Amino acid sequence: VAPNGTVKGFGTAAAHGSAVGRLAGGKAVALITTLDREGYWVVSSTGAVAAFGDAVNYGGHLGVHIVAAAATVDAKGYWLVTSTGVVLTFGDAKNLGHHAGAVRIAATPDGQGYWLVTATGTVHPYGDAKLYGSVATAGVIGIAASPDGRGYLIFTKSGKVIPKGDAHSSGAVAGGFAAVTAS
């Protein structure tokens, strides 16, 4: 998804629609998919949520600055994370905790927990999420759970992909993630 809300599919991924003009004056900060990958939500920095395909819009929260989002395991809800680290819940998502300075969120595979990560690499687990370590580096822009939830990958703007727990990395991204920012 581009900052203006344009969605393009690659490989077998289908683009079910574009959020251009539906971002309430903000930029796209997340694209999260449904369980069957037949739909997705585009989330804007202004708290607008646009649903496509088989995704259901459970609402948004205009007037707050959103930096991250994640779907529940059954795709019947989602979490939005504000720039102050507050976790907002929609649909069947449960609020399990929040942390000031969080820039990204990753749900556990069973949907009973999530990790929040700060720009300085501190990971905060909530619900059934376990802590597998943090990193002491600036420029953290992402976190992704391993398939079994017993680890995660931490991404930095410079292109480092740092595994924790049982997660495995295939190496760094040459040139970094220049197009990605932790809003």
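This text gives an overview of the structure that appears in the document. (Residues numbered from 1 in each chain as written. Predicted model: local features only at pLDDT ≥ 70, side-chain atom pairs only at ≥ 80, totals over all residues. Heavy atoms only, no water.)

Topic: the sheet that holds strand β4 (residues 66-71)
One open sheet holds the three strands; their spatial order is β4-β5-β6, and the pairing between them is antiparallel. Across the chains shown, the open sheet's two edge strands, defined by having one partner strand only, are β4 and β6 (87-91). Pairwise comparison of adjacent strand axes, ignoring direction, gives a mean angle of 20° for this sheet. Taken together, the five bridges between strand β5 (residues 77-82) and β6 define a ladder with antiparallel strand orientation. The partner of Y78 across the bridge, within β6, is F90. (Pairing = 2+ DSSP bridges. Helix = DSSP H or I, 4+ residues; strand = E, 2+ residues; numbered from the N terminus. Axes fitted to C-alpha atoms, helices over the stretch in contact; angles between N-to-C directions.)

Brief notes about the side chain of H124
Residue position: H124 is located in strand β9 (residues 123-127). Judged by its relative accessible area of 16%, H124 falls in the buried class. Of the polar contacts made by the side chain of H124, one reaches the side chain of H99; its length is 3.1 Å. Apart from the residues within four sequence positions on either side, H124 is in contact with H99, Y114, W115, L116 and T118. (Buried < 20%, exposed > 50% of the residue type's maximum accessible area, 1.4 Å probe, protein only. Polar contact = N/O pair within 3.5 Å; in protein donor to acceptor, adjacent residues only side chain to side chain. Contact = heavy atoms within 4.5 Å.)

Regarding the pairing of strand β11 (residues 151-156)
Counting buried positions along β11 yields five of six residues, so the element is predominantly enclosed. Note that strand β10 (residues 140-145) and β11 share five bridges and pair antiparallel. Its bridge partner lying in β11, A145 is registered against Y152. Taking the residues that link successive antiparallel strands as the turn, the β10-β11 hairpin has five residues, and the phi of G149 there is positive, at about 80°. Taken together, β11 and the strand that follows it, strand β12 (residues 161-165), pair antiparallel across an intervening segment of four residues, in which G159 is found at a positive phi of about 105°.

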